[in-house]
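Letter by letter, the chains look like this.
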Amino acid sequence: MDSTTLVWVAGVVACLAAVSGHFASNALLRTLAATEPELWHRLGEPSGQFAPPRGRHSFSPLRRDPVSAWLTRSPAWVTKNPQARRLLIVIRISVVVLVLAILTLVVARASA
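Residues numbered from 1 in each chain as written. Predicted model: local features only at pLDDT ≥ 70, side-chain atom pairs only at ≥ 80, totals over all residues. Heavy atoms only, no water.

A.B. asks: Before we go on, may I ask you to explain the overall build of the protein chain in this structure?
C.D. replies: Looking only at helices and strands, the protein chain features four helices and zero strands. Counting from the amino terminus, the protein chain carries its helices and strands in the arrangement α-α-α-α. Per element, the accessible surface of the protein chain, about 7300 Å² overall, is 65% carbon and sulfur. (Helix = DSSP H or I, 4+ residues; strand = E, 2+ residues; numbered from the N terminus. Areas by Shrake-Rupley, 256 points an atom, 1.4 Å probe, with all protein chains shown as cover.)

The following block contains the structure:
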C-alpha cells in the first residue's frame, strides 16, 4: 500500500474512532444522569455535546469531562450497569484505535 492510500485510510479510521468515541461518551454521560443523578450532580452535571440530559441546555467546555478519568479505571456505578460498561468499552476501544491511527498518519507522512 502506498503512503498516500495509507494516510487516507488512517485518516478515515481516526475520524470514525473519534466520532464513535464521542457519541459513546455522550451516551455514557446521559446514562450517568439518568441512573445516578446524585453522582452526576457532584461531578458538576457534565452534559456532553449532543442531546444533553434533562435540565442541561448546552455544553460547557470549561467543565472537566469525567469520562477521561474513567479510561483507565471503571467507577463503581459503571461496573453495576451493563449498558454503561459497554459504552465505556466502546470509548476505550475508540481511544486506542484513534491513537494507533494518528501514529500511522505520523509514520506514513514521515516516510513519504
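Okay, back to it.
A.B. asks: What's the story with the environment of W40 in this structure? I'm lost.
C.D. replies: Within the secondary structure layout, W40 lies in helix α2 (residues 37–42). Using a relative accessible area of 9% as the deciding quantity, one classes W40 as buried. In this structure the C-alpha to C-alpha distance between W40 and L29, which are 11 residues apart in sequence, comes to 8.2 Å. (Buried < 20%, exposed > 50% of the residue type's maximum accessible area, 1.4 Å probe, protein only.)

A.B. asks: I keep staring at the packing of aromatic side chains and nothing clicks. Help me out?
C.D. replies: Describing an aromatic ring pair means giving the distance of the ring centres and the angle of the ring planes. Taken as a whole and assessed by the stated rule, the structure comprises one aromatic pair. Between W70 and W77, the ring centres sit 5.7 Å apart and the planes meet at 70°, which makes this aromatic pair edge-to-face. A relative accessible area of 5% places W77 in the buried class. (Phe/Tyr/Trp six-rings, centres within 6.5 Å; stacked < 30°, edge-to-face > 60°.)

A.B. asks: What is the right way to look at the environment of T35 in this model?
C.D. replies: Summarising the element assignment, T35 is placed in helix α1 (residues 3–35). Judged by relative accessible area, T35 falls into the partly exposed class, the value being 38%. Separated by 42 residues in the primary sequence, T35 and W77 have C-alpha atoms spaced 8.7 Å apart. Excluding residues within four positions of it along the chain, T35 makes contact with W77 and N81. Among the polar contacts listed, one links the side chain of T35 to the backbone oxygen of T31, at a separation of 2.7 Å. (Contact = heavy atoms within 4.5 Å. Polar contact = N/O pair within 3.5 Å; in protein donor to acceptor, adjacent residues only side chain to side chain.)

Read these as geometric descriptors, not functional statements.
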